[in-house]
Amino acid sequence: MSVDSQISEYYDKLLKRNAGEPEFHQAVSEVLDSLKIVLDKDPHYAEYGLVERLCEPERQLIFRVPWVDDNGEVQVNRGFRVQFNSALGPYKGGLRFHPSVNLGIIKFLGFEQIFKNSLTGLPIGGGKGGSDFDPKGKSDQEVMRFCQSFMTELHRHIGEYRDVPAGDIGVGGREIGFLFGQYRRLTTQHESGVLTGKGLTWGGSLVRTEATGFGAVYITEEMMKTHGESFDGAKVIVSGSGNVAIYAAAKAQELGATVVAMSDSSGYITTPNGVDVDLLRDVKEVRRERISTYAKEAGNGVEFHEGGNIWDVQADVALPCATQNELDGESAKKLVEGGVRYVAEGANMPSTPDAVHVFQDSKIDFAPGKAANAGGVATSALEMQQNASRDSWSFEYTDERLRGIMSNIFKNIDNTAKEYGREGDYVAGSNIAGFKKVADAMLAQGVI
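As the structure is a prediction and not an experimental result, all values here were calculated from the model. (Residues numbered from 1 in each chain as written. Predicted model: local features only at pLDDT ≥ 70, side-chain atom pairs only at ≥ 80, totals over all residues. Heavy atoms only, no water.)

Helical geometry: 3.6 residues make up each α-helical turn, so side chains three or four residues apart lie on a common side. With 12 residues, helix α8 (residues 243-254) should cover 16 Å at 1.5 Å per step; its first-to-last C-alpha distance of 17 Å lies within 8% of that length. Counting buried residues along α8, 9 of its 12 residues qualify, which places the element largely inside the surrounding structure. By the burial criterion, the buried members of α8 are V244, A245, I246, Y247, A248, A249, A250, K251 and A252. Note on α8: the residue one or two positions beyond its end, G256, has a positive phi of about 105°. (Helix = DSSP H or I, 4+ residues; strand = E, 2+ residues; numbered from the N terminus. Expected span 1.5 Å × (residues − 1). Buried < 20%, exposed > 50% of the residue type's maximum accessible area, 1.4 Å probe, protein only.)

This is the structure we're talking about:
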């Protein structure tokens, strides 16, 4: 049977076994497409059910999360933790609190995390978790009660040598604090390395807050260097206005770029003279208000566009940092027509398959999320190192480590793409490089 037939047959089985999980299907399909050339060149990777085992989580946890709101009413949410692959080390991946969360979303994120964590070069496996709880509009007391209930179940399944969650959409410093406090309350040991993204005074790492956004910019910078270009003078679109987007914008402007547009779910702003990062942080992180508030207060030519499409804005660089599948094929065409030359995914799988094909067909340098988004988990692993040694590193040292990791990721995916005859195809380079490290570990450890 040909490699194409083997992959097609397996994918058909996966669709039947995981019905109603389109995001998971999309993530697996992209990886399997890249692996065809690997299995053709190195057929031993098809042995011992390796691909099938890679696409099946080691453990899937679904649990009830009851909590009491400020009106004394009992609310019930659903919690998830998918421990996908531990061949390289303890499961590592964030918790997402958002109404859209379901098992398929968590499996897609966990599957992507396997390859992302592999690319960092650090000894961490892939996992993901979360809940359909929405922290927006909730009081601090309600968020605390929910987090305590969530951790009451989750604590049985995690540990600094077993599974180390972090934050994701809807889970910031406040939520990590409540989760960590409940974990300490329920266990007999003070395992400071059991969660990452902690506060700086109780085991957190400098740069962790900025890491995902910084990392997306660092890998874009590496792509630009291959063409003798830099961020200096570039116009940049950053979708979203959460943690990743804010610090991607900050780092891009620090390197000499002008961020010309940002967004949230209500619409987008055009910022022809750049973004006031301090004001944006105050609006979004402190006051938790909409980006339209920033537009009202910023002046300096800033305009708010309710709804609309941020990808209509002309720029040299696009950094989608909001959520999965936010950038479709038509939007990708608009970006290309607007002169974009570099795209790096700060979010997890924010570009649809059609969008990726448009970028590749147009010879746009495109860094997928499993590479460009890896800065956050890389710095989480650095936080784990500091916790294990009871140490605390400076901002400059940690940022230097992060920058080195992102540079090495780019070199790895660039060289891998060239090795397999796909020069400039960083999707294939990321998938293949991430896969081979995990696959070699799985084959060495036997059928488990």
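This paragraph deals with the UniProt feature "binding site: substrate" (unreviewed entry) in the protein chain. In the UniProt entry, the feature "binding site: substrate" (unreviewed entry) is given for K92, Q113, K116, G167 and S380. Looking at where K92 falls in the secondary structure, it is placed in strand β3 (residues 91-97). Its place among the elements puts K116 in helix α4 (residues 103-119). Residue K116 is classed as buried on the basis of its relative accessible area of 3%. Discounting chain neighbours no more than four positions away, the residues touching K116 are N348, G369, K370, N373, A374 and V377. (UniProt positions renumbered as here; feature names shortened; annotations may be inferred. Contact = heavy atoms within 4.5 Å.)

Running from N to C, helix α5 (residues 140-154) and helix α6 (residues 173-186) cross one another at 45°; their axes reach a closest spacing of 8 Å. The angle between the axes of α5 and α6 places the two elements in the oblique class. The element α5 and its partner α6 pack so that their crossing is right-handed. Seen from α5, the contacting residues are D140, V143, M144, C147, Q148, F150, M151 and T152; seen from α6, they are R174, E175, F178, L179, Q182, Y183, R185 and L186. (Axes fitted to C-alpha atoms, helices over the stretch in contact; angles between N-to-C directions. Parallel < 35°, antiparallel > 145°, perpendicular 65-115°, else oblique. Left-handed = near helix turned anticlockwise from the far one by under 90°.)

Before going further, it helps to spend a moment on the sheet that holds strand β1 (residues 59-68). As summarised here, the arrangement of the 5 strands in space is β1-β2-β4-β3-β5, forming an open sheet in which the pairing is mixed. Two strands lie at the open edges of the sheet, namely β1 and β5 (163-167), each paired on one side alone. If you compare each strand with its neighbour and ignore which way they point, the axes differ by 20° on average. Relative to strand β4 (residues 125-131), strand β2 (residues 74-85) runs antiparallel, the two sharing 6 bridges. Paired with V82 across the bridge in β4 is K128. (Pairing = 2+ DSSP bridges.)

This part is about unusual backbone geometry. A negative phi angle characterises most non-glycine residues, just as the trans form characterises most peptide bonds. One non-glycine residue with positive phi stands out, namely N325, at about 55°. Its place among the elements puts N325 in the loop between β10 (317-320) and α11 (329-337). Positive phi, close to 55°, is recorded for R390, a residue that is not glycine. As for its placement among the helices and strands, R390 is situated in the loop between α14 (375-388) and α15 (395-419).

Another aspect to go through is the nonpolar core. Counting residues in each nonpolar core, the largest one holds 60 residues, and the members touching the most others are V238, M262, Y294, L319 and I409. Among the elements that line this core, the one with the most residues is α8, at 8 residues. Counting contributing residues, this core receives three or more from each of domain 2 (59-187) and domain 3 (210-363). Here Y294 is in contact with I269, T271, G274, V275, D276, L279, L280, V283 and V302, once residues within four sequence places are set aside. Core analysis: the second largest hydrophobic core is formed by 41 residues, Y11, L54, A87 and I106 among them. (Core = buried A, V, L, I, M, F, W, Y, C linked by side-chain atoms within 4.5 Å. Domains from an automatic or database assignment.)

When you line up the elements, V356 lands in helix α12 (residues 353-361). Sequence spacing of V356 and P368 is 12 residues, and the spatial spacing of their C-alpha atoms is 8.9 Å. V356 has contacts with S351, F366 and V427, leaving out every residue within four places of it along the chain.

Evaluation of the coordinates by the stated rule reveals 31 salt bridges. K36 is the salt-bridge partner of D33, the closest N and O atoms lying 3.8 Å from each other. Residue D33 and its partner K36 are both found in helix α2 (residues 22-41); the two are separated by 3 residues, about one turn of the helix. We note a salt bridge from R156 to E153, for which the minimum N-O separation is 3.2 Å. One network of salt bridges, with partners in common, ties together D4, D33 and K36. (Salt bridge = Lys/Arg side-chain N within 4 Å of Asp/Glu carboxyl O.)

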